Amino acid sequence: MYIDVSGPTYRSAVSFVQRMTAGIVRVVGPAPITTVLLAAVTALSASTGAAQEVVAGDDPSSTVGSPSGAASMAEGIMDLPRLGGPVEFDGIPDEAVWQAIDPLPLSMYSPTYLGTPSERTELRVAYDDEYLWVAAMLHEDDPTNIDAYSLRRDFWSGDDTFGILLDTFNDNENAVRFTGTPLGVRLDYDITRDGDDVSDTWDTFWDLRTNIGPSGWSGEMRIPFSSLRFTPQGGDVVMGMTVYRWTSRTNERVTFPAIPSDFEDTKVSIMQDVRLRGVSRRNPVYVTPYLLSGLDQQSSLVPSETAFERRTDGSFEIGADAKVSPSSNLTIDLSVNTDFADVEADQQQVNLTRFPLFFEEKRPFFLERAGLFAFSTGADEGRLFHSRRIGLVDGQPVRILGGIRAVGRLAGVDFGALSMQTARHDGGPSENLGVGRVRARVLNTTSYVGGMFTSRAAEGGDHNLTYGLDGSLNPWGDEYFTVKWLQTFQRRDGAILASGGWDDSRLVLDWSRRRVQGLSYSTTFTRSGPGYDPGVGFESRSDFSRVGSSVDYQWFLGETSPFRRIWIGHWGNAWFRNQGGDVSTAWLHPFFWLETKNGATILVSTNHSYDDTREGFCLSDEAEVLPGEYWMTEAWLSFGPPDGWRIAPIVTLQAGEFYDGSKLRLWTTLRWRASKHLELMGDYQLNRIRFDDRAQAFDSHLLGFRARAAWNSRLSAEAFVQYNSTIDRITGNTRLRYNFREGRDLWLVWNESLNTDLEPPEASDLRLPRTDARQLVLKYTHTLGL
């Protein structure tokens, strides 16, 4: 007899069996009711006390649909089925070998937890000797509702998706995600810190085929075991797994196992443990040489400073990257003459503060496995290691001669090391920049202790060494206590600037409650001395003490409500000068955030701040902020569209007091998914500042325009043009890519910088040239598997 696993009869029988056998029998996933009862009789008659698991798939003829209202939570270990024969890899899993495998029982995660899905979904996972397979039948009553916008590898544009997340080491902390779209676009992600950090820059070798038909769309994923890192135990592999489907139009995400709304859907520690028997992993070597040729034009003053000249230089470069995996738990990356010519240009910013701006890393080599090297330092964007300090000086590239990175896991300890060597530049010395990281779990699966060091050593003996020790303990529930201690040792021009004393150190203490649903809070104390200065990190301030706090509460509403979530709370900080203990900066930011069922968001908030500006700072040649103590209040209003909108506006308006004047700030983005071949996006940022009492004004305009085009999944192009009124310049970054196959790419990159104001500055009659700089680069990469 077989009973629907979502039905009350099945649940009652399972509950009775587990209660009567005092836990000797545990039902892990769906199984035939006869199998459950037989296991109970066997266990009771044997009276051995040993637990018996009833695993999904005990009877290959059992069938499981996609129930609504039933939560298939992760429990025990589920044996994945082996494929019973060959599969035609065409994106249509209609073979008998697939039909012999039960689809996984899915539960809705969003917009309503355990709500009723609008469409039927069948997801199956199986394996053979070489691959892990995922098969998807994604039904849609009206196929014209399928959202399919992008043809570009690793670019998601609000498309419908299905995918699988794998915690391959089963460490409940790190995972990888494979995602497919209706147009066959592959996306892969690296997940760290139990789902808190998700990076889309990780890439590996795998295949996807999809098909759009009259009843919906379907797909097949084929992931080689050589692309996964795992450690077999006696020929078996146990890893964590989550599978899902996301429908853009309705903002519906269904998953197996069920993920409570208390957690993000990328949470690693609540995945279903699955077992694969008799599999092994090859450890291939990948070598990716590249060839690059280019032309550079620069406009510069002649030595007499009486005219500008345009100089054109040609270049030819050759280099290579290599990836070696000596074992299943160690990966080594090598790079010679590292190049990033094909990386997108930075988004320009306007600085309205007296502190430096933070720019995100975009270079893939440094973003891969970046989560392992994450070490926040308790203040703004502060971090012990910021990879943009390598190979970039004042935003300009510096040649990287090469380097090595090793990441792995040994006896439950995660470790990583990176060392890069840069060349001499504009009178600056060659430098070696390095970082090392270890982190080990203690007490439970959500607590750890670790350490990190960074080094910056230059020719001539100058050096900066900074280390940090960190620990995060989860003593109970959702409560976490975090402590960090960092110290700097620094020598420059023969003088010792920091020797690891109290004034060269930073202390961070934090107690927080981490939840998505319900009440969460955080209280943080940071004390930083004047000599603390991580040479390969980022810090916006020094010599301060900071107290920070946040309290917020989130409600998830029922299936009949038009709203999915309501979020209220506040964030606050106070910064104190170590000398004298007076307040330097403080702010309080209460907010109200609303999310609709289809994914639209509205944010309403105010910001109340205090700033004791002792030295003042300039916004432009015509406007400045004077020294003084200021109290300021401003209001914020923001709207974000659902992911499924074809024309999607994002608008943020900020207005209020700005020191002794006023500020109006507008950010707006408009994205139009014109077709699967073309997406257009425009950005505009306005800053309007007035100091009426001093008759000073500052206006800035940032405009950006992006065009993303793809003829097919192989040929794509992207243009990014920006205008910045504060420097009177237009910049353009255009990249054309042809992907011959995985690991083989041809890039054509054109960079242009144009001056918009050619009038000579004061005390000069020399007009600026229209073209400030121009670069044309052709680059070919070719990956070889050895």
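Keep in mind the model is a prediction, meaning the values are calculated, not measured.

## Topic: the overall build of the protein chain
Part 1 of the argument: The helix and strand tally for the protein chain stands at four helices and 45 strands.
Part 2 of the argument: Here the C-alpha radius of gyration of the protein chain, 29 Å, is about what a compact globule of 786 residues would show, namely 28 Å.
Part 3 of the argument: Considered along the principal axes of its C-alpha atoms, the protein chain spans approximately 95 × 55 × 55 Å.
Part 4 of the argument: Within the protein chain, buried positions represent 51% of all 786 residues.
Part 5 of the argument: Long-range contacts, defined as pairs at least 24 residues apart, comprise 59% of the intrachain contacts of the protein chain with a sequence gap of at least 6.
Part 6 of the argument: Surface accessibility of the protein chain: about 35000 Å² in total, with carbon and sulfur atoms responsible for 57%.

## Considering the pattern of salt bridges
When their charged atoms lie close together, side chains carrying opposite charge are able to pair.
Part 1 of the argument: The tally for this structure, following the rule as stated, stands at 58 salt bridges.
Part 2 of the argument: Put simply, Arg565 and Glu595 hold a salt bridge, and the shortest N to O gap is 3.2 Å. Here Glu595 lies in strand S32 (residues 583-596) and Arg565 lies in strand S31 (residues 563-577), a separation of 30 residues in the sequence.
Part 3 of the argument: Judged by relative accessible area, Arg565 falls into the buried class, the value being 13%.

## Details of the sheet that holds strand S5 (residues 121-127)
Part 1 of the argument: The four strands are arranged S5-S6-S12-S11 in an open sheet whose pairing can be described as antiparallel. Across the chains shown, the open sheet's two edge strands, defined by having one partner strand only, are S5 and strand S11 (207-213). The average angle at which neighbouring strand axes cross in this sheet is 10°, direction not considered.

## Things to note about the side chain of Thr422
Part 1 of the argument: Here Thr422 shows up in strand S22 (residues 413-422).
Part 2 of the argument: For Thr422, a relative accessible area of 4% corresponds to the buried category.
Part 3 of the argument: In this view, Thr422 contacts Gly391, Val398, Arg399, Ile400, Leu401, Ser430, Glu431 and Leu433; residues no more than four positions away in its chain are not counted.

## Topic: a nonpolar patch on the surface
Part 1 of the argument: Taken together, the side chains of Leu519, Val551, Tyr553, Trp555, Ile568, Phe592, Ile602, Val604, Leu637, Leu653 and Leu664 present a nonpolar region at the surface, about 860 Å² in accessible area.
Part 2 of the argument: Take the nonpolar patch: its biggest share by element is three residues, from strand S30 (residues 544-556).
Part 3 of the argument: Taking the relative accessible area as the measure of exposure, Val551 reaches 38% and is therefore partly exposed.

## Remarks on the packing of aromatic side chains
Part 1 of the argument: Counted under the stated rule, the structure contains 29 aromatic pairs.
Part 2 of the argument: A ring pair is formed by Trp567 and Phe591, whose centres lie 5.4 Å apart and whose planes are at 85°; its orientation type is edge-to-face. Residue Trp567 is located in strand S31, and its partner Phe591 is located in strand S32; the two are separated by 24 residues in the primary sequence.
Part 3 of the argument: On the accessibility criterion, Phe591 (6% relative accessible area) is buried.
Part 4 of the argument: Look at Phe658 and Phe691: their rings are 6.3 Å apart centre to centre, the planes differ by 45°, and that puts the pair in the tilted class. Of this pair, Phe658 sits in strand S37 (residues 647-658) while Phe691 is found in strand S39 (residues 678-691), placing the two residues 33 residues apart along the sequence. The pair formed by Phe658 and Phe691 is uniform in burial state, with each residue classed as buried.
Part 5 of the argument: The rings of Phe617, Tyr630, Phe658, Tyr659 and Phe691 are connected pair by pair, giving a single aromatic cluster.
Part 6 of the argument: Taking NZ or CZ as reference, Arg177 lies 4.3 Å from the ring centre of Tyr189, over its face.
Part 7 of the argument: Positioned above the aromatic ring of Tyr131 is the side chain of Arg222, whose terminal nitrogen or guanidinium carbon lies 4.9 Å from the ring centre.

## Some points on the pairing of strand S38 (residues 661-675)
Part 1 of the argument: Relative to S38, S37 runs antiparallel, the two sharing twelve bridges. When the sheet's bridge partners are listed, Glu657 is paired in S38 with Ser662.
Part 2 of the argument: Once S37 ends, the chain turns through two residues before running back antiparallel as S38, passing Tyr659 with a positive phi of about 55°.
Part 3 of the argument: Looking at chain direction, S38 and S39 are connected through 13 bridges and run antiparallel. Residue pairing across strands places Leu666 opposite Leu686, the latter belonging to S39.
Part 4 of the argument: Hairpin connection, S38 to S39: the antiparallel pair is bridged by two residues.

## Here we look at the environment of Gly91
Part 1 of the argument: With respect to the helices, strands and loops of the structure, Gly91 is situated in the loop between strand S3 (77-79) and helix H3 (96-99).
Part 2 of the argument: Classification of Gly91 by relative accessible area gives buried; the value is 0%.
Part 3 of the argument: Separated by 681 residues in the primary sequence, Gly91 and Asp772 have C-alpha atoms spaced 50 Å apart.

## With respect to the nonpolar core
Part 1 of the argument: Core analysis: the largest hydrophobic core is formed by 36 residues, its most contacted members being Leu132, Ile164, Phe178 and Met241.
Part 2 of the argument: Those elements that place two or more of their residues in this core are S5, strand S6 (131-139), strand S7 (161-167), strand S8 (175-180), strand S12 (216-224), strand S13 (236-247), strand S14 (252-256) and strand S15 (272-277).
Part 3 of the argument: Beyond its immediate sequence surroundings of up to four residues, Ile164 is in contact with Val125, Leu132, Val134, Val176, Arg177, Phe178, Met221, Ile223, Met241, Thr242, Val243 and Tyr244.
Part 4 of the argument: If you look at the next biggest cluster of nonpolar residues, it comprises 20 residues, including Phe365, Val407, Leu433 and Met452.

## Some points on the pairing of S12
Two faces, one strand: in a regular strand the side chains alternate between the faces of the sheet.
Part 1 of the argument: With nine of its nine residues buried, S12 lies for the most part within the structure.
Part 2 of the argument: The two faces of S12 match: Gly216, Ser218, Glu220, Arg222 and Pro224 on one face and Trp217, Gly219, Met221 and Ile223 on the other face are all buried.
Part 3 of the argument: When S6 meets S12, the two strands line up antiparallel, connected through nine bridges. Its bridge partner being in S12, Ala136 is matched across the sheet by Gly219.
Part 4 of the argument: Connecting S11 to the next strand, S12, in antiparallel fashion are two residues.

## Quick look at the side chain of Thr181
Part 1 of the argument: Within the secondary structure, Thr181 sits in the loop between S8 and strand S9 (186-192).
Part 2 of the argument: At a separation of 3.2 Å, a polar atom in the side chain of Thr181 contacts the main-chain amide nitrogen of Val185.
Part 3 of the argument: Those residues within four positions of Thr181 in sequence are excluded, and the remaining contacts are Asp159, Asp160, Thr161, Leu187, Leu208, Thr210 and Trp217.

## Topic: the environment of Asn283
Part 1 of the argument: As for its placement among the helices and strands, Asn283 is situated in the loop between S15 and strand S16 (285-301).
Part 2 of the argument: We classify Asn283 as partly exposed; its relative accessible area is 32%.
Part 3 of the argument: Note: C-alpha distance between Asn283 and Leu228 (55 residues apart in sequence) is 9.7 Å.
Part 4 of the argument: Not counting residues up to four positions away in its chain, the partners in contact with Asn283 are Ser325, Pro326, Ser327 and Ser328.

## Some points on unusual backbone geometry
Part 1 of the argument: Between Ser110 and Pro111 the backbone carries a cis peptide bond, its omega angle lying at 10°.
Part 2 of the argument: On the secondary structure map, Pro111 appears in the loop between strand S4 (107-110) and S5.
Part 3 of the argument: Pro257 follows Phe256 through a cis peptide bond whose omega is 0°.
Part 4 of the argument: Here Pro257 is to be found in the loop between S14 and S15.

## Regarding the environment of Ser662
Part 1 of the argument: Assignment of secondary structure puts Ser662 in strand S38.
Part 2 of the argument: Ser662 sits in the partly exposed class, given a relative accessible area of 30%.
Part 3 of the argument: Separated by 28 residues in the primary sequence, Ser662 and Arg690 place their C-alpha atoms 5.4 Å from one another.
Part 4 of the argument: When sequence neighbours within four positions are dropped, the list of residues in contact with Ser662 reads Gly656, Glu657, Arg688, Ile689 and Arg690.

The rules we used
Throughout this description, residue numbers start from 1 for each chain and increase along the sequence as written. In keeping with the model being predicted, local features are shown solely for residues with a pLDDT of at least 70 and side-chain atom pairs are shown and tallied solely at 80 or more, while totals for entire chains, interfaces and linings include all residues. The basis for every side-chain value is the complete set of non-hydrogen atoms in the structure, without hydrogens or water. Secondary structure follows DSSP: runs of H or I at least 4 residues long count as helices, runs of E at least 2 residues long count as strands, and numbering of each begins at the N terminus. The quantity called the radius of gyration is restricted to C-alpha atoms. Its globule counterpart is 2.2 Å times the number of residues to the power 0.38. Between buried and exposed lies partly exposed: a residue is buried under 20% and exposed over 50% of the maximum accessible area for its type, with that area taken using a 1.4 Å probe on protein chains only. Should any heavy atoms of two residues lie within 4.5 Å, those residues are counted as being in contact. Computed with the Shrake-Rupley method and a 1.4 Å probe, the accessible areas treat only the protein chains shown as cover for residues. We define a salt bridge as a side-chain nitrogen of Lys or Arg found within 4 Å of a carboxyl oxygen belonging to Asp or Glu. Pairs of strands are assigned from DSSP output, requiring at least two bridges between the strands. Under this scheme, a helix contributes an axis fitted over its contacting stretch, all axes are lines through C-alpha atoms, and angles between N-to-C directions fall in the 0 to 180 degree range. To count toward a patch, a residue needs a relative accessible area above 30% and no salt bridge. Like charges then connect within 9 Å, nonpolar side chains (Val, Leu, Ile, Met, Phe, Trp, Tyr) within 5 Å. Only rings of Phe, Tyr and Trp enter the pairing, Trp through its six-membered ring, and a pair is recorded when the two centres are within 6.5 Å. The plane angle decides the type: under 30 degrees is stacked, over 60 is edge-to-face, the rest tilted. Two thresholds decide whether a charge sits over a ring: the Lys NZ or Arg CZ must be within 6 Å of the ring centre and within 35 degrees of the ring normal. Here the nonpolar core consists of buried residues drawn from Ala, Val, Leu, Ile, Met, Phe, Trp, Tyr and Cys, with membership extended through side-chain atoms lying within 4.5 Å. Any pair of N or O atoms that falls within 3.5 Å is considered a polar contact. Within protein, one atom must be able to donate a hydrogen and the other to accept it, and sequence-neighbouring residues count only if both atoms are side-chain atoms.

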